[in-house]
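Results of the structural survey
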Amino acid sequence: MAAGSAIQIPSRLPLLLTHEGVLLPGSTMRTSVDSPRNMQLVRSRLLKGTSLRSTIIGVIPNTSDPTSDCDDLPSLHRIGTAALAVQVVGSNWPKPHYTLLVTGLCRFQILQLLKEKPYPVAEVEQLDRLEQFTNQHKSEEELGELSEQFYKYAVQLVEMLDMSVPAVAKLRRLLDNLPREALPDILTSIIRTSNQEKLQILDAVRLEERFKMTIPLLVRQIEGLKLLQKTRKPKQDDDKRVVAIRPNRRINHIPSTTEDEEEEEDHDDVVMLEKKIRTSSMSEQALKVCLKEIKRLKKMPQSMPEYALTRNYLELMVELPWNKSTKDRLEIRAARILLDNDHYAMEKLKKRVLEYLAVRQLKNNLKGPILCFVGPPGVGKTSVGRSIAKTLGREFHRIALGGVCDQSDIRGHRRTYVGSMPGRIINGLKTVGVNNPVFLLDEVDKLGKSLQGDPAAALLEVLDPEQNHSFTDHYLNVAFDLSQVLFIATANTTATIPPALLDRMEIIQVPGYTQEEKIEIAHRHLIPKQLEQHGLTPQQIQIPQVTTLDIITRYTREAGVRSLDRKLGAICRAVAVKVAEGQHKETKPDRAEVGDGEDCREHVTEDTKPESISETADLALPPEMPILIDFHALKDILGPPMYEMEVSERLSQPGVAIGLAWTPLGGEIMFVEASRMEGEGQLTLTGQLGDVMKESAHLAISWLRSNAKRYQLTNASGSFDLLDNTDIHLHFPAGAVTKDGPSAGVTIVTCLASLFSGRLVCSDVAMTGEITLRGLVLPVGGIKDKVLAAHRAGLKRVIIPQRNEKDLEEIAVNVRQDLRFVLASCLDEVLNAAFDGGFAVKPRVERLNSKL
Ligand code: ADP
């Protein structure tokens, strides 16, 4: 403050209005600036100015309600403190604001407000003139006694503090060196005082008044300290300083003001937090870290951005279920019943899940494999995961990994980053609140990779039973035991799962459903669920099995049941409207009563008028109950069918054959088309094919060329050299979908054989199999899904490689009964089966070609 004497503050000062505290001359304050006016001041004055003058601002305590600060300038406190802005720190998080470090120079009084916008500027008069005090002996004599008394108390107070703390020692030295006039301001800002009290000291322009007001505050502080020291025998030296500077007001029995209460509350919160930390069951290592952090927190001003970060961290640490778990109730018989009740079919999956649970019942050791359900969408992978949690009586949490490409998503951000947060695993644990939930890692095959690291690598640690008892999230920075968590993963395909991750999991294939299974699932699970969701009852709507079959075959083409579920939802919505309309009408007295269920159904079925539903709507009549969903109603609600049986139509000319393909979405039938034209023996392939598929096409052509004579295959000009003057174009429709794999080999051969022989391939046959140059047919994968696709498409015969015979056992009996399987080990057998009447090698009618 000695420098204060040399400073003549400018006569015009920009004004900073502070809510947070009262700045007194000689003290330093950190204040957060976020109101538009103050932000403008910082931006256009402090950040743009280059002279020392431009860093001097007037700090006015804003006594009015902070929320009314937005538009009109509140009535300003008359006296403020001219201050030097020492530091400006900007931050964008959680909202744009600056943190300002200001040092008070001297009091000033506002004479006149010069402008209000964008920030207030006032003409001011400097009030503290230090040279005057030192020169006026008289006033000093008068004040002598007061200032001496004040000095005594100040020394007493400082000596009660811990002298080993450098700041306290420095303060002791300052007491002797500073001019006495500066002491009241400085000490008031150091000791525990409310903003109201500080404001009174600021307003005390006369020195005598100031001394008089500060002495009781000092005395109060000294008494408070004495009491505290008595009640709390000093335990930890480190705590002493904190205690000294923030003595507990309540002990002093001095009524506190509202502002004070807020501060007090915050302080109480920190104390509560500390108590929670001490009583929580966190690991020793975590406790040590937390105690260290809370010590830091206590010393931190609340306006520091780090305060909130540290507090959030500590709150998370307290909330985490370090030692809280649910009790497993595992009874295999009950589990079987529950799984059966929740899911129809999926026998293989249910069997494996029960085995897994049985082992856990016998040996409560969690180091078992991690199950990974692999199958097309909508086959119930997630819902089986949920059922497992239910059978075990555990909490369930789903972590969607699709598209995650940053390892911090799994393992959290380090706390040094702005906006850092824990990873999904720790977050999930916080959400469920126990340390032994079932975590479903959904779509592990869709993890991405990016510059921010490989999330799959981070998952390795999570899923490894040998390592996950000490999983360290970057945000927590202490180990958390994940060994009690039961992880289940789901994926559509194993092809894109990184091998190291795949290695840690036990793959259970969940194939698509047959039409019959879908019908059963719809009637046992989906329809009742949809009815409940839409507030309908079976007395109001009836969906017969034929309709379900229609939906399955004509409105959906999928391996799972998700779109089927959606379509059923659409039907329920449409019916809900009718029912609601009906109820409305029913309340009218002249409404005809609703007939009972049986009669009405008959009525509707007999009523063959196609637009029965829409007609009733037109007439605004309530529908008769139950509303029967027949094909006409279906068409009315869902629109015209999306998929028609197009097979026979497309096979009406030579050069088309049906193949079977496997995709992550289940099996599909695939048409292969070929055409030939005059050219130079070129092969054109279209339809986004992978390398393996292109090779299959070349193989097929080579095999046919070498066997052209045997099969009497000729090009357009009758030559056995099929590519002579001929170009071939092979196309695999649905050109937007990438296709690859060797299993189209037999289909390409059949398609080309049809093209060159001019014969039609049977329209009810589909095929799959890899070929070799010698004409052998090799086994391929995904037979079950492919066969189901053929069945869905209404085909009657399927040609598969001989060595795939064993895979047929997995296929449901009813599907097997509907289809005829041709097991082929070489291409001759394939061609024989694919063409009506066979494609046998015909003895060639020898014709002598005269060479003369
Ligand atoms: P996925 O995770 O395989 O993509 P979901 O588990 O989300 O599929 O299943 C979609 C819907 O289908 C769920 O409502 C589920 O209850 C239902 N579902 C699927 N398979 C069955 C089944 N076998 N029995 C009963 N409901 C099923």
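Residues numbered from 1 in each chain as written. Predicted model: local features only at pLDDT ≥ 70, side-chain atom pairs only at ≥ 80, totals over all residues. Heavy atoms only, no water.

Where an unreviewed UniProt entry is consulted, the chain appears under the name Lon protease homolog, with the organism given as Nycticryphes semicollaris. Entered under Subcellular location (unreviewed entry) in the UniProt record, the comment concerning the chain runs "Peroxisome matrix". (UniProt positions renumbered as here; feature names shortened; annotations may be inferred.)

1. What to know about the pairing of strand S24 (residues 820–824)
Judged from the five bridges that link them, strand S23 (residues 797–801) and S24 form a sheet pairing that is parallel. Pairing of isoleucine 799 across the sheet is with valine 822, part of S24. Crossover S23 to S24 through helix H30 (residues 813–818) is right-handed. (Pairing = 2+ DSSP bridges. Helix = DSSP H or I, 4+ residues; strand = E, 2+ residues; numbered from the N terminus. Right-handed = clockwise from strand over helix to strand, strands pointing away.)

2. Focus on the packing of aromatic side chains
Per the stated rule, a full pass over the model turns up five aromatic pairs. Between tryptophan 322 and phenylalanine 480, the aromatic rings sit 4.9 Å apart at their centres with planes inclined by 45°, giving tilted as the arrangement. Taken together, the residues span a long stretch of sequence, with tryptophan 322 in the loop between helix H11 (305–319) and helix H12 (332–342) and phenylalanine 480 in strand S11 (residues 479–480) at a distance of 158 residues. Both residues of the pair, tryptophan 322 and phenylalanine 480, count as buried. Between tryptophan 703 and tyrosine 711 the ring centres are 5.8 Å apart and the planes differ by 50°, which places this aromatic pair in the tilted class. Note on accessibility: tryptophan 703 and tyrosine 711 belong to one class, buried. (Phe/Tyr/Trp six-rings, centres within 6.5 Å; stacked < 30°, edge-to-face > 60°. Buried < 20%, exposed > 50% of the residue type's maximum accessible area, 1.4 Å probe, protein only.)

3. Concerning helix H24 (residues 631–638)
What H24 keeps buried is the set Ala633, Leu634 and Leu638. Taken end-on, H24 shows its buried residues confined to a sector of 105°, consistent with a single buried face. Following H24 by one or two positions, glycine 639 has its phi on the positive side, about 85°. (Arc of directions from axis to C-beta.)

4. A look at the site of the ligand
Lining the immediate surroundings of the ligand are 18 residues, of which Tyr344, Gly378, Lys381, Thr382 and Arg562 lie closest. Side-chain polar atom of arginine 562 to an oxygen atom of the ligand: 2.5 Å apart, as the coordinates give it. The protein chains hide 88% of the 560 Å² of surface that the ligand would expose on its own. The element best represented in the shell around the ligand is helix H19 (residues 515–533), accounting for four residues. Split by residue class, the shell around the ligand holds eight nonpolar, six polar and four charged. When residues of the shell around the ligand are sorted by domain, at least three fall in each of domain 4 (332–509) and domain 5 (513–581 + 623–644). (Near = heavy atom within 4 Å. Polar contact = N/O pair within 3.5 Å; in protein donor to acceptor, adjacent residues only side chain to side chain. Areas by Shrake-Rupley, 256 points an atom, 1.4 Å probe, with all protein chains shown as cover. Nonpolar A, V, L, I, M, F, W, Y, C, P; charged D, E, K, R; others polar. Domains from an automatic or database assignment.)

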